[in-house]
Amino acid sequence: MAVNSRDTTPLVFFSGLAADASVFAPQKQKFPQLVVPTWPIPSANDSLDSYCDRLATDLGPVKDAIIGGASFGGIIALHVAKRLQPKAVLLIGSVRSPSELSRVARVARPLKPLIRFIPVGLLQRCCGLLETRWARRRFPHLSEVARQFRNSDPVVFRWSLARILDWSITPHLNCPVLQIHGDRDFVLPSRYTRPDVVIAGGGHVISLTHPSEVNDFIESAVSRFRG
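Residues numbered from 1 in each chain as written. Predicted model: local features only at pLDDT ≥ 70, side-chain atom pairs only at ≥ 80, totals over all residues. Heavy atoms only, no water.

A.B. asks: Provide a residue-level description of the sheet that holds strand E5 (residues 177–182), including the pertinent values.
C.D. replies: Read from one edge of the open sheet, six strands run E2-E1-E3-E4-E5-E6, paired in parallel fashion. Where the open sheet ends on each side, the last strands, each with one partner, are strand E2 (34–35) and strand E6 (197–199). Both strand E3 (residues 66–70) and strand E4 (residues 88–92) contribute to a ladder of five bridges, which runs parallel. Counterpart to Ile-67 in the pairing with E4 is Val-89. The strands that helix H3 (residues 72–84) touches are strand E1 (11–14), E3, E4 and E5; relative to E3, the one it contacts most, it runs at about 155°. Those strands touched by helix H10 (residues 211–225) are E1, E3, E4, E5 and E6, and its axis lies near 170° from that of E5. (Pairing = 2+ DSSP bridges. Helix = DSSP H or I, 4+ residues; strand = E, 2+ residues; numbered from the N terminus. Contact = heavy atoms within 4.5 Å. Axes fitted to C-alpha atoms, helices over the stretch in contact; angles between N-to-C directions.)

Given below as structure tokens:
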């Protein structure tokens, strides 16, 4: 899946925890060169590094690109960046290192062996209640997280969740890492990380709930690193 530069800086963004490209729908409208890779089904013994090796290989040569990601996709972007040497990495509601994960994620690490017992299909069906018109009005941030989870592949979801819990190494990159975050993100709370831009009232899926702010953030990076 080679990325062509066209007339603008190539953009490669990874969606959140087993989510799909729809999480970046507003960004695709403004940046037609944006590529959102699909999540390959992981092998049983895939580590974060081996998985990111495959993603980088599938992308093919990417020259002078900006790589980014939302939530878990930001973690993936950091590790893929070690292989592709981009101009910059953009984190959208994500974190820079394992130490910036929520306390819940850090405390839950010993429970990783139990992930295989999570009834993902049942939980996905229950999430349909959060996608009603009433729920979208009352809980827009939670409703969007529920929609992404409901559409995720259970195999990819379980593997991704395990990789979050055993994430222990911060990638050291030779490019800038820029971060935008919502101040009402309860999945990856902003108080544990160091965002460059904070969106007032933004939850965890700011690419959809606050598209103008996220698009401005991306445009600023493209302008900064163009050429």
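Now that the structure has been shown, the text picks up again.
A.B. asks: Outline the side chain of Gln-33, supporting the account with residue identities and numerical values.
C.D. replies: The topology assignment puts Gln-33 in the loop between helix H1 (25–30) and E2. Owing to a relative accessible area of 6%, Gln-33 belongs among the buried residues under this scheme. Among the polar contacts made by the side chain of Gln-33, one reaches the main-chain carbonyl oxygen of Thr-9 at a distance of 3.0 Å. (Buried < 20%, exposed > 50% of the residue type's maximum accessible area, 1.4 Å probe, protein only. Polar contact = N/O pair within 3.5 Å; in protein donor to acceptor, adjacent residues only side chain to side chain.)

A.B. asks: With reference to specific residues and values, describe the pairing of E4.
C.D. replies: Along E4, five of the five residues are buried, which leaves the element largely enclosed by surrounding structure. Along E4, one buried face is formed by Ala-88, Leu-90 and Ile-92 and the opposite face, lined by Val-89 and Leu-91, is buried too. With H3 bridging E3 and the parallel E4, this β-α-β connection has right-handed handedness. (Right-handed = clockwise from strand over helix to strand, strands pointing away.)

A.B. asks: I'd like a rundown of the layout of surface pockets, residues and numbers included.
C.D. replies: Volume-wise, the largest pocket comes out at about 790 Å³. Forming the boundary of the largest pocket are 34 residues, of which Leu-17, Ser-71, Phe-157, Val-187 and His-204 lie nearest the centre. Examining the composition of the lining of the largest pocket, we find that four residues originate from one element, helix H8 (residues 154–165), more than from any other. The residue makeup of the lining of the largest pocket, split by class, is 27 nonpolar, six polar and one charged. (1 Å grid on protein atoms, 1.4 Å probe; cavity = no way out; pocket = protein on both sides within 12 Å on 5 of 7 lines; lining within 4 Å. Points joined across faces, edges and corners; volume = space filled by probe spheres on them. Nonpolar A, V, L, I, M, F, W, Y, C, P; charged D, E, K, R; others polar.)

A.B. asks: Lay out the pattern of salt bridges with the relevant residues and their values.
C.D. replies: What the rule picks out here adds up to nine salt bridges. When the shortest N-O distance is used, the salt bridge between Arg-83 and Asp-53 registers 2.3 Å. Separated by 30 residues along the polypeptide, Arg-83 in helix H3 and Asp-53 in helix H2 (residues 48–59) bring together distant segments of the chain. One salt bridge connects Asp-166 with Arg-163, and the closest N-O pair in it is separated by 2.7 Å. A single network of salt bridges, built from pairs that share partners, joins Asp-49, Asp-53, Lys-82 and Arg-83. (Salt bridge = Lys/Arg side-chain N within 4 Å of Asp/Glu carboxyl O.)

A.B. asks: How would you summarise the packing of aromatic side chains if you had to cite specific residues and measurements?
C.D. replies: A complete count under the given rule lists six aromatic pairs for this structure. Joined through ring pairs, the aromatic side chains of Phe-14, Trp-39, Tyr-51, Phe-72 and Trp-159 make up one cluster. It is Arg-106 that lies over the ring of Tyr-192; its NZ or CZ is 5.3 Å from the centre. (Phe/Tyr/Trp six-rings, centres within 6.5 Å; stacked < 30°, edge-to-face > 60°. Lys NZ or Arg CZ within 6 Å of the ring centre and 35° of its normal.)

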